[in-house]
Amino acid sequence: MCGIIGYIGPKPVVPLLLEGLKRMEYRGYDSAGVAVVEGAQITTRRAVGKIAKLESLLTKEPVAGTMGIGHTRWATHGPPTERNAHPHRSTDGSVVVVHNGIIENAPALRATLKELGYTFTSETDTEVIAHLVEEMFDGSLEEAVANALKKLEGTYGIAVMSEKDPGKIVAARKGSPLLVGLGDGENFLASDASAILAHTRQVVYLNDGDLVVVEKDRYHITDIDATPLPRKVDRIDWDLAEIERGGYPHFMLKEIFEQPQTVENTMRGRLIVEDGTSKLGGLNLTHEQLMAIDNIVITACGTSWHSALIGEMMIEELCRIPVEVEYASEFRYRNPIINERTLCIVISQSGETADTLAAMREAKRRGARTLGLVNVVGSTIAREDDGGIYLHAGPEIGVASTKAFTSQVIALALFTLKLARKRGLSVTRGMAIAQALAALPAQIQQVLDQAQAIEDIAEEYKRASNFLYLGRGFEFPVALEGALKLKEISYIHAEGYPAAEMKHGPIALIDELMPVVFVAPHDAVFEKVVSNLQEVRARKGRIIVITSRPEPALDGLVDYEIRIPETEDMLMPVLAAIPLQLLAYYIAVKRGSNVDQPRNLAKSVTVE
Ligand code: M6R
């Protein structure tokens, strides 16, 4: 979604802003802009479309300075036009603002400001902030911003500059991530650490309610009543190489191929094979607290919701604790039955998804303990949960989630193992699962080695208009995930269904033009899935099967077979998801889609 970058220091600011904006391209956006301090004036440049358009505008109409702010906009209020692109300017031109989030009372503020004589030039909610800051200005930009913020309802991460109070960028956050990057005689501001990683690793994450004044050799954090707030300096521990493509044509392909290592990293130092359990340092749950859990709610969105479904099955099967999985966007507005004996597991790659964050806060408010399964270190969910299991999958840049999904399943398995062993799972059974976990990285590599065969299948089906994905038991969420991957990057309509449920409706869709992907490894429900497969074949459906053994029952029944290694049923989704990631990837590439930045999608959905 939207991205913010800011810089103040001795260096030419335009290349820095453009580089930062490019690093955030993966988040999804449809226009971009910069504001640069040129002497006593602030100059803005804005363009619709990719950063390259802004870059060429800046070549034609250059600006120069050593202080500025930049923004990528993902349209919410008003279409992606130049007038709606950020930065926005106040009526007298003195104030410029970039903003992530949504100002909910913008219509009322707009009406009031118009009565006061302010002129609006865009359809955005953000523009009210610029005029409000101008209205509140009385010599100090930070005071004006603080007073303006008191009038706002909604969410924001903002960065503001003023011609009347130069030499500083004032920024604030409520519900939209922001951090300060610390340099030597220079400072940065960003909504995403990847924007500034090339320049500094020292960062200060802002909390909701924080306001910061950033100057070139100092920064000062307060609340909006000017009370100073202590905030610790963190260090980003990933490398620049991790946010670069490293020779792959797309981040998505790189991230698919990284999975032997990322899965290993999720388990590193945590798996205790000889005791059939795991060690999870960040859990913050005592033995007594783990034993006292009555029920578990898992909440998430998108791909993370699919891994939650797998977690539900694992935990119920091995721990015998009732588990419910909830879309975070639904959970936050329901009246869920949870209490202090409920554990609420919150799953999010980014740790910033607005609905997931709100669901977690709601669960906390109702007394539940919260456990975050998060990839991005220092993200809001990771900082606000009661305990956590970091995925350690490294930065995921492709909008389609791949390595985060498999690491989420691993993290859930580690947690299940720990809880199950405490709740009576035998050491022998625990050891079998732990050994199966340890074997996964090499098995993932075996699946990846079949990439060429999967690309050939993609060639055959690249013109399909619809796809059906079917699976049962642990493979039903994998079917959902396969369908989501395909639709989000190739724009082919795809549905995931429990295989037996097909008879109750989707079977009507099946004809010789309908490719059906069966996720059917040799698990407890394999025989049942074969019957569903026959039902599709009888109606001339085209069948691609993901299975795990040579099987006479499949002879003559399927068009293509992809073989994955065998493992514990509960871990099979890790292996079964990979061919589906590759299939979606190759089909999308062959259809000419922008795989890493598919249309309309954002990597981190920070609005509800
Ligand atoms: O960062 P999160 O895991 O909270 O994101 C949740 C979804 O927005 C995300 O999984 C989305 O569905 C992906 N594009 C799926 O590939």
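Basis of the calculations
Residues numbered from 1 in each chain as written. Predicted model: local features only at pLDDT ≥ 70, side-chain atom pairs only at ≥ 80, totals over all residues. Heavy atoms only, no water. Salt bridge = Lys/Arg side-chain N within 4 Å of Asp/Glu carboxyl O. Helix = DSSP H or I, 4+ residues; strand = E, 2+ residues; numbered from the N terminus. Buried < 20%, exposed > 50% of the residue type's maximum accessible area, 1.4 Å probe, protein only. Pairing = 2+ DSSP bridges. Axes fitted to C-alpha atoms, helices over the stretch in contact; angles between N-to-C directions. Contact = heavy atoms within 4.5 Å. Near = heavy atom within 4 Å. Polar contact = N/O pair within 3.5 Å; in protein donor to acceptor, adjacent residues only side chain to side chain. Areas by Shrake-Rupley, 256 points an atom, 1.4 Å probe, with all protein chains shown as cover. Nonpolar A, V, L, I, M, F, W, Y, C, P; charged D, E, K, R; others polar. Domains from an automatic or database assignment. Parallel < 35°, antiparallel > 145°, perpendicular 65-115°, else oblique. Left-handed = near helix turned anticlockwise from the far one by under 90°.

*Asks:* Explain the pattern of salt bridges to me, and be specific about the residues and the numbers.
*Replies:* Enumeration according to the criterion identifies 37 salt bridges in this entry. Across the pair Lys-364 and Asp-386 runs a salt bridge, and its minimum N-O distance is 3.8 Å. Of the two residues, Lys-364 is situated in helix α11 (residues 354-365) and Asp-386 in the loop between α12 (380-384) and β21 (387-390); the sequence distance between them amounts to 22 residues. You can call Lys-364 partly exposed: its relative accessible area is 31%. Judged by its relative accessible area of 24%, Asp-386 falls in the partly exposed class. As a salt-bridge pair, Arg-429 and Glu-568 come within 2.8 Å of each other at their nearest N and O atoms. Highlighted residues: Arg-429 in helix α14 (residues 427-448) and Glu-568 in the loop between β26 (560-563) and α18 (572-590), separated in sequence by 139 residues. Under the relative-accessibility criterion, Glu-568 is labelled buried at 18%. Residues joined by salt bridges that share partners form a network here, namely Arg-173, Asp-208, Arg-361 and Glu-384.

*Asks:* Tell me about the sheet that holds β26, and please be specific about residues and values.
*Replies:* The parallel open sheet is built from 5 strands, whose spatial order is β23-β22-β24-β25-β26. Each end of this open sheet is capped by a strand with a single partner; those strands are β23 (493-498) and β26. Recorded for the sheet is a direction-independent mean angle of 15 degrees between the axes of neighbouring strands. Along the sheet, helix α16 (residues 475-490) makes contact with β22 (466-471), β23 and β24 (515-519), crossing β23 at roughly 175 degrees. Packing against the sheet, helix α17 (residues 526-538) makes contact with β22, β24 and β25 (542-547), and its axis sits at approximately 165 degrees to β25.

*Asks:* Can you explain the sheet that holds strand β3 (residues 41-48)? Please cite residues and give values.
*Replies:* Strands sit in the order β3-β2-β4-β1-β10-β9-β11-β14 across an open sheet of 8 strands; the sheet is antiparallel. The open sheet is flanked by β3 and β14 (234-235), the only strands paired with a single partner. For strand β9 (residues 179-182) and strand β10 (residues 187-190), the ladder comprises 4 bridges, and the chain directions are antiparallel. The partner of Leu-182 across the bridge, within β10, is Asn-187. Against the sheet, helix α1 (residues 13-23) contacts β1 (3-8), β2 (31-38), β4 (67-73) and β10, and its axis sits at roughly 25 degrees relative to β4. Packed onto the sheet, helix α2 (residues 51-60) meets β2, β3 and β4 and runs at close to 135 degrees relative to β3.

*Asks:* How would you explain the environment of Phe-467 if you had to name every residue and give the values?
*Replies:* Mapping Phe-467 onto the fold places it in strand β22. As for Phe-467 and Glu-330, which are separated by 137 residues in sequence, their C-alpha atoms are 27 Å apart. Discounting residues that sit within four places of it in the chain, Phe-467 has contacts with Tyr-461, Leu-486, Ile-492, His-493, Ala-494, Glu-495, Met-514, Pro-515, Val-517, Ile-544, Leu-583 and Ile-587.

*Asks:* Provide a residue-level description of the site of the ligand, including the pertinent values.
*Replies:* Surrounding the ligand, one finds 14 residues, the nearest of these being Ser-304, Ser-348, Gln-349, Thr-353 and Glu-488. Separating a nitrogen atom of the ligand from a backbone N or O atom of Val-399 is a distance of 3.2 Å. The contact in question runs from an oxygen atom of the ligand to an N or O atom on the backbone of Ser-401, over 2.8 Å. Computed on the free molecule, the ligand has an accessible area of 410 Å², of which 91% lies beneath the protein chains in the complex. Those elements that place two or more of their residues in the shell around the ligand are α9 (302-319) and α16. A class-by-class count of the residues in the shell around the ligand yields 4 nonpolar, 8 polar and 2 charged. In this structure, the shell around the ligand is formed jointly by two domains, domain 2 (245-445) and domain 3 (451-590), each of which donates at least three residues.

*Asks:* Provide a residue-level description of the packing of α16 against α18, including the pertinent values.
*Replies:* Direction vectors running N to C along α16 and α18 enclose 20 degrees, while the axes themselves pass 9 Å from each other. One element, α16, and the other, α18, form an angle in the roughly parallel class. Of the two possible hands of crossing, α16 and α18 adopt the one that is right-handed. Across the interface between the two elements, Glu-475, Val-478, Gly-482, Lys-485, Leu-486, Ile-489 and Ser-490 from α16 touch Met-572, Pro-573, Ala-576, Ala-577, Leu-580, Ala-584, Tyr-585, Ile-587 and Ala-588 from α18.

*Asks:* Describe in detail the packing of helix α13 (residues 403-422) against α18, supporting the description with residues and values.
*Replies:* For the pair α13 and α18, the least separation of the axes is 10 Å and the interaxial angle reads 175 degrees. On the basis of their axis angle, the class for α13 and α18 is roughly antiparallel. Taking contact as the criterion, the partners of Phe-405, Thr-406, Val-409 and Ile-410 in α13 are, on α18, Pro-573, Val-574, Ala-577 and Gln-581. The residue makeup of the contact of α13 with α18, split by class, is 6 nonpolar, 2 polar and no charged.

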